[in-house]
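So the chains spell out like this:
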Amino acid sequence: MWDDAFPSFLIGLREGLEAGLIVSVLVATLVRSGRRARLPHVWTGVAAAVGLSMSFGAILTFTSANLSGKAQEAFGGTLSLIAVVFVTAMVFWMRRSARTFSGEIKEKVTAALGMGAGVLVLTSFLAVGREGLETALFLWTTAQAAGSSSGPLAGAAAGLLIATALCWGLYRRVLHINLTRFFTFTGVVLIVIAAGVLGYGMRDLQESTLLPGGTAYAFDLSAHLDPSSWYVTVVQGTLNLTPQMTWLQISVYVAYLAVVMTLFVRGVRATAPAPTKPAAGAEAKPAPATAGSEPAAAKSEPKAPRRIPRWTIPVALLGGPALIAGVAIAVSDGKPASGTPVIEVAAADCGKGFTAPKPGRQTFQVRNSGSRTSEIYLIDPVSNAVYGEVEGIAPGTTRALIATVGTGSYAWRCVPSGGKAVTSAAVRVSSGGTTRAVLPVSEKDLAAPLAAYRKYVDQGLAGLLTKTRALQSDIDAKKLDKAREDWLPAHQQYASLGAAYGTFADFDAKINGRTAGLAGGVTDPAFTGFHRIEYGLWHGESAAALAPYAKRLTSDVAALRTDFPKQDFDPGDLPLRTHEILENTLHRELSGSADYGSGTELATAEANLDGTRELLGLLRPLIDRRDPEVTPVVDTWMKRTERLVLAQRAKDGAWTPLDKVPAADRQRLNGSLGRLLEELAPIPDLLEIRKAA
């Protein structure tokens, strides 16, 4: 959990220390001047600021929960950008103000004392409230990036506790800290973290389609890095750098880091020669005044009565509800506000509290009152079509389900983990418009396409073995020109089986592996298969040097063909591969990263299009039954993309290397494939295996 907690820990420590120093200076100034009776004014302002900050966090959480998927991405991405702006401004402000921090606060307190209690309350409220709002915003964005609130909340709590201890030590003069150095060091780290938050925000905005380039990846290491490994988790949790990032994310990350870090370091150097002073915190935190040390003016001043001033009543009315709301929301685990339909779901009683909803877009708060994690569906009980779903809702938790309600019948279906599906009583809605529901797909529905595809792959592997044997024979006979001719058909044959690559397991890395992640690059012993032979054939290696690799390739293909009938093939992978094959084509072949000398990336792209077309043909009946508008549009963009690819093949069959393709043609091809991927994107959702059937 520490990897997700660290950014929030740092912001909690910095913001907590800033707010704590402000409060310490306020308290110390009042104590030194003999105005202890004014201390409740400070604490009232602080309490109101804390309540406002918690309420702000609650508003962000509930606003996001009631938005659609794309709107949530847009909301989160926009707030990530705002958080980066606030954090950047805070870092630069504290870099400039650390040396004169306590003096400025003293001046404000002195002025407030002369203007009355309300101004003192407002001073403490504004000073602490600014830090609290920044903390709430940054904490919310880091929780969104982490996908969980436990780590960021724990980190922020730890940071605030340490900040409180530091401020107490400074106030009691038992601790001395060079605040300038502290805020400089943490500022550098926060700039790096903010760059990651900015990149994450860009990704959210791309997924919401507000920004383009969502499928234009700068790199994709997801096939070579285990996302659950400790090092990936640490880097992603602390820096928001992921194994797969778009060009926009990388560009914005690098630009922000270069510009902001340069300006920050220059500012630090410009202020570095200033003479050393006692730490701002220590200078401003005298020990509490005693009776013998109070100024003469303070001794002559009559002591204020120990009673609650009248001004605390309106402040409590404003700050109290905000604080109570924040605490209630923090412990309610997202319980909905009144007026929102709450549906209780459990194995014994699914859909408790469900009545006929109003037509139009509705948000249902689904609360799992059972003892098992469950899948929850809003369905048409006649056809089993799904209007909306909540996956993996844990016991005692509440999640939002958003659905558009039209004329028809509605019921809830609860599928507890390890249990049988339970369906609620149906209700009828009339006088509404038409709305589309998705017919659920079961493993049985995918059985026939899966059997047909397994047969296609088995036949393809037989042809692949014949082609690899021919390639090996060429190399053994030292006919390298012929080997270069036979290499491409064999590699295209393998590429056309793309939907099975997840099933091929370790064989895929042996047969079609690349150098990504290999310490030795092209000389690494683990680099084998088609691309290793490609590298040798087009980089002048001898037949004797390539013969062992050709023999091993044939052996691996033969072993795969023998093993494939026994391999498990998840039926749910078929719909996913309709999108993933060409997504990998965009990342690899059309980026040039999969070329090792032959210049045939576009030939491989054509084979990937063939493999996708084969898969779509098998799944077309299931797709058309659920959304007949998908496949005609996919066919249009498939043909357009294929025409752009084939335009780079000469009459003699030679392919234009990717780096020789004119820039305009390459842009058109990337754009067409990107659009094709957008049209393919709904298919995995349409054909997702659901338990609602």
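Up top you'll find the structure we're talking about.
In this text, all values refer to a predicted model and were calculated from it rather than measured experimentally.

Parameters and conventions
- Numbering of residues begins from 1 in every chain and follows the order in which that chain's sequence is written.
- Per-residue local features of the predicted model are confined to residues with pLDDT of at least 70, and side-chain atom pairs are confined, for both listing and counting, to 80 or more; whole-chain, interface and lining totals are unaffected and use all residues.
- Values reported for side chains reflect all heavy atoms of the structure, with hydrogen atoms and water molecules removed beforehand.
- Helix numbering and strand numbering both begin at the N terminus, where a helix is a DSSP run of H or I of at least 4 residues and a strand a DSSP run of E of at least 2.
- Each residue's exposure class comes from its accessible area (1.4 Å probe, protein chains only) as a fraction of the maximum for that residue type: buried when under 20%, exposed when over 50%, partly exposed otherwise.
- Contact definition: two residues touch when any of their heavy atoms are within 4.5 Å.
- Reported accessibility uses the Shrake-Rupley method at a 1.4 Å probe radius. Residues are deemed covered only where the shown protein chains occlude them.
- Each pair of strands is called paired provided DSSP finds at least two bridges between the two strands.
- Cysteine sulfur atoms that come within 2.5 Å of each other are treated as a disulfide pair.
- Buried Ala, Val, Leu, Ile, Met, Phe, Trp, Tyr and Cys residues that are joined via side-chain atoms within 4.5 Å together make up what is termed a nonpolar core.
- Salt bridge, as used here: a side-chain nitrogen of Lys or Arg that lies within 4 Å of a carboxyl oxygen of Asp or Glu.
- The rule is short: rings of Phe, Tyr and Trp, with Trp giving its six-membered ring, pair when the centres are within 6.5 Å, and they are stacked under 30 degrees, edge-to-face over 60, tilted in between.
- Charge-over-ring placement is defined geometrically: NZ (Lys) or CZ (Arg) within 6 Å of the ring centre, and within 35 degrees of the ring normal.
- Axis angles are defined between N-to-C directions and span 0 to 180 degrees, where every axis is a line fitted to C-alpha atoms and, for a helix, only to the segment in contact.
- Throughout, the term roughly parallel applies to angles under 35 degrees, roughly antiparallel to angles over 145, roughly perpendicular to angles from 65 to 115, and oblique to all others.
- Helix crossings get a hand from a simple test, with the near helix turned counterclockwise from the far one by less than a right angle marking a left-handed crossing and a clockwise turn marking a right-handed one.
- Residue classes follow a fixed rule: Ala, Val, Leu, Ile, Met, Phe, Trp, Tyr, Cys and Pro count as nonpolar, while Asp, Glu, Lys and Arg count as charged, and any other residue, Gly among them, counts as polar.
- Here the expected span of a helix is defined as 1.5 Å times the quantity of residues minus one.
- The angle separating two fitted axes, one through the seven residues that finish at a residue and one through the seven that start at it, defines the bend at that residue.

A. Inspection of the overall build of the protein at higher detail. In terms of helices and strands, the protein carries 22 helices and 10 strands. Out of the 693 residues in the protein, the part that is buried amounts to 47%. Residue pairs in contact within the protein that sit at least 24 positions apart in sequence constitute 77% of those at least 6 positions apart. With an accessible surface of roughly 32200 Å², the protein has 59% of that area assigned to carbon and sulfur atoms.

B. Up close: helix H16 (residues 530–537). For H16, the buried fraction is high: 7 of the 8 residues fall into the buried class. Where H16 is concerned, the buried positions are Phe530, His531, Arg532, Ile533, Glu534, Gly536 and Leu537.

C. Region of the structure containing the side chain of aspartate 556. Structurally, aspartate 556 can be placed in helix H17 (residues 543–563). What aspartate 556 contacts, discounting residues up to four positions off in sequence, is Phe507, Lys510 and Ile511.

D. Summary view of the environment of glycine 599. In this structure, glycine 599 sits in the loop between helix H18 (573–587) and helix H19 (601–626). Accessibility expressed as a relative area gives 5% for glycine 599, which makes it buried. It is 8.3 Å that separates the C-alpha atoms of glycine 599 and aspartate 659, two residues lying 60 residues apart in sequence. For glycine 599, the contacting residues outside a window of four places in its chain are Glu534, Trp655, Thr656 and Pro657.

E. Region of the structure containing the pairing of strand E3 (residues 342–345). Here E3 shows one buried face, formed by Ile343 and Val345, and one open face, formed by Val342 and Glu344. In the sheet, E3 pairs with strand E4 (residues 360–368) via 4 bridges, with the strands oriented parallel. Considered in E4, the bridge of glutamate 344 is made with arginine 367.

F. Summary view of unusual backbone geometry. With a phi close to 70°, asparagine 384 is a non-glycine residue in the positive phi region. On the secondary structure map, asparagine 384 appears in the loop between strand E5 (374–379) and strand E6 (386–393). Positioned with a positive phi, lysine 478 is a non-glycine residue whose angle comes to about 60°. By secondary structure assignment, the location of lysine 478 is in the loop between helix H13 (443–476) and helix H14 (480–495). For lysine 478, a relative accessible area of 65% puts it in the exposed group.

G. Representation of the state of the cysteines in the model. Taken as a whole, this structure holds 1 disulfide when the rule is applied. The disulfide bridge from cysteine 350 ends at cysteine 414, spanning 1.9 Å between sulfur atoms. In this structure, the disulfide formed by cysteine 350 and cysteine 414 twists by about 80° around the S-S bond and is classed as right-handed. Remark: cysteine 414 occurs in strand E8 (residues 408–416) and cysteine 350 occurs in the loop between E3 and E4; sequence separation between them is 64 residues. According to the relative accessible area criterion, cysteine 414 is buried, its value standing at 1%.

H. Just the nonpolar core, in detail. Ranked by internal contacts, the top residues of the largest apolar core, which has 63 residues, are Tyr453, Phe504 and Leu676. When residues in this core are grouped by element, the largest group, 10 residues, is from H13. One finds Ile376, Val390, Leu401 and Ala403 within the second-largest nonpolar core, a separate group that totals 22 residues.

I. Seen up close, the side chain of glutamine 648. Relative to the helices and strands, glutamine 648 resides in the loop between helix H20 (630–646) and helix H21 (663–680). If we ignore the near neighbours within four places in the chain, the residues touching glutamine 648 are Leu602, Ala654, Trp655, Thr656, Val661 and Asp665.

J. Local environment of the pattern of salt bridges. Here the structure, examined in full by the defined rule, presents 11 salt bridges. Here aspartate 481 makes a salt bridge to arginine 484, at a shortest N to O gap of 2.6 Å. Placement of both aspartate 481 and arginine 484 in helix H14 is noted, with a separation of 3 residues, approximately one turn of the helix. Ionic pairing is found between glutamate 679 and arginine 675, a salt bridge with its closest N-O pair at 2.7 Å. Linking glutamate 679 with arginine 675, this pair stays in helix H21, spanning 4 residues, or about one helical turn. For arginine 675, a relative accessible area of 34% puts it in the partly exposed group. In this structure, a network of salt bridges that share partners links the residues Asp573, Arg577 and Glu580.

K. Region of interest: the packing of aromatic side chains. Within the structure shown, the criterion is met by 13 aromatic pairs. Arranged with centres 5.6 Å apart and planes meeting at 85°, the rings of phenylalanine 364 and tryptophan 412 form a pair that is edge-to-face. Taken together, the positions of phenylalanine 364 in strand E4 and tryptophan 412 in strand E8 put the pair 48 residues apart, joining distant regions of the chain. Owing to a relative accessible area of 2%, phenylalanine 364 belongs among the buried residues under this scheme. For tryptophan 412, a relative accessible area of 0% corresponds to the buried category. Between phenylalanine 504 and phenylalanine 564, the ring centres sit 6.0 Å apart and the planes meet at 75°, which makes this aromatic pair edge-to-face. Of this pair, phenylalanine 504 sits in the loop between H14 and helix H15 (506–512) while phenylalanine 564 sits in the loop between H17 and H18, and the two are 60 residues apart along the sequence. Both residues of the pair, phenylalanine 504 and phenylalanine 564, count as buried. Chaining the aromatic ring pairs together yields one cluster made of Trp487, Tyr494, Phe504, Phe530, Trp538 and Phe564. Its end group placed over the ring of phenylalanine 564, arginine 454 keeps NZ or CZ at 4.9 Å from the ring centre.

L. Up close: the packing of H19 against H20. For the pair H19 and H20, the least separation of the axes is 11 Å and the interaxial angle reads 170°. By the angle class used here, H19 and H20 are roughly antiparallel. Once H19 is placed against H20, the crossing between them reads as left-handed. Residues Leu602, Glu606, Leu609, Asp610, Thr612, Arg613, Leu616, Arg620, Ile623 and Asp624 of H19 lie in contact with H20, whose contacting residues are Val630, Thr631, Val634, Asp635, Met638, Thr641, Glu642, Val645 and Leu646. When grouped by side-chain class, the residues that make up the contact of H19 with H20 number 9 nonpolar, 3 polar and 7 charged.

M. Fine view of H19. Taking 1.5 Å of rise per residue, 26 residues should cover 38 Å, and H19 covers 35 Å from first to last C-alpha, within 8% of that figure. Its axis deflected by about 60° at leucine 619, H19 carries its strongest bend there, up to four residues before the proline proline 621.

N. How the structure looks around the pairing of E6. As judged from the 5 bridges shared by E5 and E6, these two strands associate in the antiparallel manner. Bridging from a neighbouring strand, leucine 378 pairs with glycine 388 of E6. Hairpin connection between E5 and E6: a loop of 6 residues separates the two successive antiparallel strands, and asparagine 384 in this loop has a positive phi of roughly 70°.

O. Quick peek at the sheet that holds strand E7 (residues 398–405). Spatially, the 3 strands line up as an open sheet ordered E3-E4-E7, and their pairing is mixed. The open sheet is flanked by E3 and E7, the only strands paired with a single partner. Each adjacent strand pair in this sheet contributes to an overall mean axis angle of 35°, direction not counted. Bridge analysis of E4 against E7 gives 8 bridges, and the strand direction is antiparallel. Counted as the bridge partner of glycine 360 is valine 405 from E7.

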